[in-house]
Amino acid sequence: MTVRVGIPRGLLYYYYGPLWTDFFESLGAEVIISEETNKKIVEMGVKSTVDEACLPVKIYHGHVKNLMDQKVDYIFLPRLMSIYKNEYICPKFCGLPEMVNHSIRNLPTMIQPTIDFRKSKKDLPRIVEEVGGYFTSDRRKTEWAFNKALERYRQYKTALRQGVLPTDALARKNDEGFHTMGSGDKIALLGHPYNLYDDFISMNLVKKLRGYGLQVLTPESMDVKTMNEKAAVMDKKMFWSFGRKILGTAFHAMEQQDIQGIIYLSSFGCGLDSVLADIVERRVRRNSDKPFTLLTLDEHTGEAGMDTRIEAFVDMIKWRRNHENNFSAYGQHIHSHQSIVR
Ligand code: SF4
């Protein structure tokens, strides 16, 4: 009988989902991804977690419950400590397995390897072997399956850098032609991937912005080298990996003539966002004249209020664009008039 392994469609699913999915499938397992975030999943998550948890962690619990409803044999829930050298992930990720194990009863077998690349990635083969061991005792098969998954994962990351939304890339619409960065005025959209790309949490923010004819630059579509160089201007190294990506993108966006404004999408109860959004807002206001708006989400945020804020932001960009055009047309008019007088 085929083993069914569940992957919650939350938190870093938008980063690593395709890697683990391909890996498990190559090992012969059936992979069940929890349903797209919906009202029921949010409600189940909120009921299962402590009030103090941030919105994405609450929702993650809802995804675990959704997988249990689908009667999976295993749930894959790694303990992510660090994914880059000398950097950390938010502490909530480190304690996520304990939170879930203690908040939800009658869990199926949990696959919970510890991933800690703070010093180096030399532990990766051991982690792969540990996880693969749930499906096969053949180490060579495990290694082959992981390398195959890695190859496809690299294509996925390349697609994201080109502006493809993870939701599109994960739906594997490769042959249909992706909707990439869009066209028209460009704006930067900052935030954690699980806020930006989960259509329910973000209330389709990226799609709405593109619907207004805007190109949307996110940390995942940034050139990595540029992003790291820009983030390095901080006096002290930003040791949260997603913080580095967000700051690097913000500082780059601030300096670009063709980027018309910056939006930060944050979740209520996020300690990191409260620090990062504050740094970004101060720098943007001090060093640039670009419109900046902070949108904070919680489980009670209404879509109408969000839409109004987005509309106001887009209006501001258009207003500035028109005034810039009028101003430069006026400048040209004066210039040509002066030429005639001379
Ligand atoms: S970074 Fe913020 S939103 Fe993400 S898990 Fe940590 S506290 Fe929650």
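Q: Give a description of the pattern of salt bridges that names residues and reports values.
A: Following the criterion strictly, the structure yields 19 salt bridges and no others. The closest approach of N and O atoms between glutamate 87 and lysine 237, which form a salt bridge, is 3.2 Å. Residue glutamate 87 is located in the loop between β4 (79-82) and α4 (91-94), and its partner lysine 237 is located in the loop between α12 (224-231) and α13 (241-255); the two are separated by 150 residues in the primary sequence. For glutamate 87, a relative accessible area of 3% translates into the label buried. Bridged by salt links that share partners, the residues Glu87, Lys237 and Arg244 form one connected network.

Q: Just give me the short version of the packing of helix α1 (residues 13-26) against helix α6 (residues 124-132), but keep the residues and values in it.
A: The geometry of α1 relative to α6 is characterised by a closest axis approach of 11 Å and an angle of 50° between their N-to-C directions. Here α1 lies oblique to α6, going by the angle between them. The crossing of α1 and α6 is right-handed. Contacts between α1 and α6 pair Trp20, Phe23 and Phe24 from the former with Val128, Val131 and Gly132 from the latter. The class makeup of the residues in the contact of α1 with α6 is five nonpolar, one polar and no charged.

Q: Could you give me a rundown of empty space enclosed by the protein, with the residues and numbers involved?
A: Evaluated as defined, the whole model comprises three cavities of 30 Å³ or more. Empty space within the largest cavity amounts to approximately 60 Å³. Every residue lining the largest cavity is listed: Leu160, Gly163, Val164, Leu165, Pro166, Tyr197, Val206, Arg210, Val216, Thr218, Glu220 and Ser221. For the lining of the largest cavity, the two domains that each supply at least three residues are domain 1 (4-170) and domain 2 (181-329). A volume near 50 Å³ is recorded for the second largest cavity. If you go around the second largest cavity, the residues you meet are Tyr88, Ile89, Cys90, Phe93, His192, Tyr194, Trp240, Ser241, Phe242 and Leu272. Taken together, the residues of the lining of the second largest cavity break down into eight nonpolar, two polar and no charged.

Q: Any details on unusual backbone geometry? Residues and values, ideally.
A: At lysine 71, a residue that is not glycine, the phi angle is positive and equals roughly 55°. Even without being glycine, asparagine 106 reaches a positive phi, approximately 55°. Take asparagine 106: it is sitting in the loop between α5 (96-103) and β5 (109-111). Given a relative accessible area of 73%, asparagine 106 falls into the exposed group.

Q: How would you sum up the side chain of aspartate 198? Please name residues and give values.
A: Relative to the helices and strands, aspartate 198 resides in the loop between α9 (193-196) and α10 (199-202). For aspartate 198, which is buried and forms no salt bridge, the nearest opposite charge comes from arginine 9, at a distance of 7.3 Å. A polar atom in the side chain of aspartate 198 sits 2.5 Å from the side chain of threonine 37. Looking at aspartate 198, its side chain comes within polar contact range of the main-chain nitrogen of phenylalanine 200, at 3.0 Å.

Q: So, the layout of surface pockets: which residues are in play, and what are the values?
A: There is about 870 Å³ of room inside the largest pocket. Along the walls of the largest pocket sit 41 residues, with Tyr15, Tyr16, Ile83, Tyr153 and Lys157 positioned nearest its centre. Elements with a contribution of two residues or more to the lining of the largest pocket: α1, α6, α7 (139-161), α12 and α13. When residues of the lining of the largest pocket are assigned to their parent elements, the largest contribution, seven residues, is made by α7. Tallied by class, the residues present in the lining of the largest pocket amount to 30 nonpolar, three polar and eight charged. Two domains each provide a minimum of three residues to the lining of the largest pocket, namely domain 1 (4-170) and domain 2 (181-329).

Q: Mind laying out α7, listing which residues take part and the relevant values?
A: Over its 23 residues, α7 runs 33 Å from end to end, which matches the ideal 33 Å to within 8%, given 1.5 Å per residue. Contacts made by the buried residues of α7 are with α1, α6 and α8 (166-170). Where α7 ends, the next residue or the one after it, glycine 163, has phi of about 95°, a positive value.

Q: Explain the site of the ligand to me, and be specific about the residues and the numbers.
A: By nearness alone, every residue bordering the ligand is listed as Cys54, Pro56, Cys90, Lys92, Phe93, His192, Tyr194, Ser267, Cys270 and Leu272. A class-by-class count of the residues in the shell around the ligand yields seven nonpolar, two polar and one charged. Both domains that furnish three or more residues to the shell around the ligand are identified here as domain 1 (4-170) and domain 2 (181-329).

Q: Explain the packing of aromatic side chains to me, and be specific about the residues and the numbers.
A: Considering all chains together, one arrives at 18 aromatic pairs under this definition. Centroid distance tryptophan 20 to phenylalanine 23: 6.0 Å. Interplanar angle 65°. Geometry classified as edge-to-face. With a gap of three residues between them, tryptophan 20 and phenylalanine 23 both fall in helix α1, about one helical turn apart. Exposure class is identical for tryptophan 20 and phenylalanine 23. Each is buried. Ring centres of tryptophan 20 and phenylalanine 76 lie 4.6 Å apart, and the angle between their planes is 50°; this geometry places the pair in the tilted category. Residue tryptophan 20 is located in helix α1, and its partner phenylalanine 76 is located in strand β3 (residues 74-76); the two are separated by 56 residues in the primary sequence. For the pair formed by tryptophan 20 and phenylalanine 76, the shared burial category is buried. Grouped by ring-pair contacts, the aromatic residues Trp20, Phe23, Phe24, Tyr74, Phe76, Tyr134, Phe135 and Phe146 constitute a single cluster. Directly above the aromatic system of tyrosine 84 lies the positively charged group of arginine 244, at a separation of 5.0 Å from the ring centroid.

Thresholds applied
Residues numbered from 1 in each chain as written. Predicted model: local features only at pLDDT ≥ 70, side-chain atom pairs only at ≥ 80, totals over all residues. Heavy atoms only, no water. Salt bridge = Lys/Arg side-chain N within 4 Å of Asp/Glu carboxyl O. Helix = DSSP H or I, 4+ residues; strand = E, 2+ residues; numbered from the N terminus. Buried < 20%, exposed > 50% of the residue type's maximum accessible area, 1.4 Å probe, protein only. Axes fitted to C-alpha atoms, helices over the stretch in contact; angles between N-to-C directions. Parallel < 35°, antiparallel > 145°, perpendicular 65-115°, else oblique. Left-handed = near helix turned anticlockwise from the far one by under 90°. Contact = heavy atoms within 4.5 Å. Nonpolar A, V, L, I, M, F, W, Y, C, P; charged D, E, K, R; others polar. 1 Å grid on protein atoms, 1.4 Å probe; cavity = no way out; pocket = protein on both sides within 12 Å on 5 of 7 lines; lining within 4 Å. Points joined across faces, edges and corners; volume = space filled by probe spheres on them. Domains from an automatic or database assignment. Lys, Arg positive; Asp, Glu negative; His and termini not counted. Polar contact = N/O pair within 3.5 Å; in protein donor to acceptor, adjacent residues only side chain to side chain. Expected span 1.5 Å × (residues − 1). Near = heavy atom within 4 Å. Phe/Tyr/Trp six-rings, centres within 6.5 Å; stacked < 30°, edge-to-face > 60°. Lys NZ or Arg CZ within 6 Å of the ring centre and 35° of its normal.

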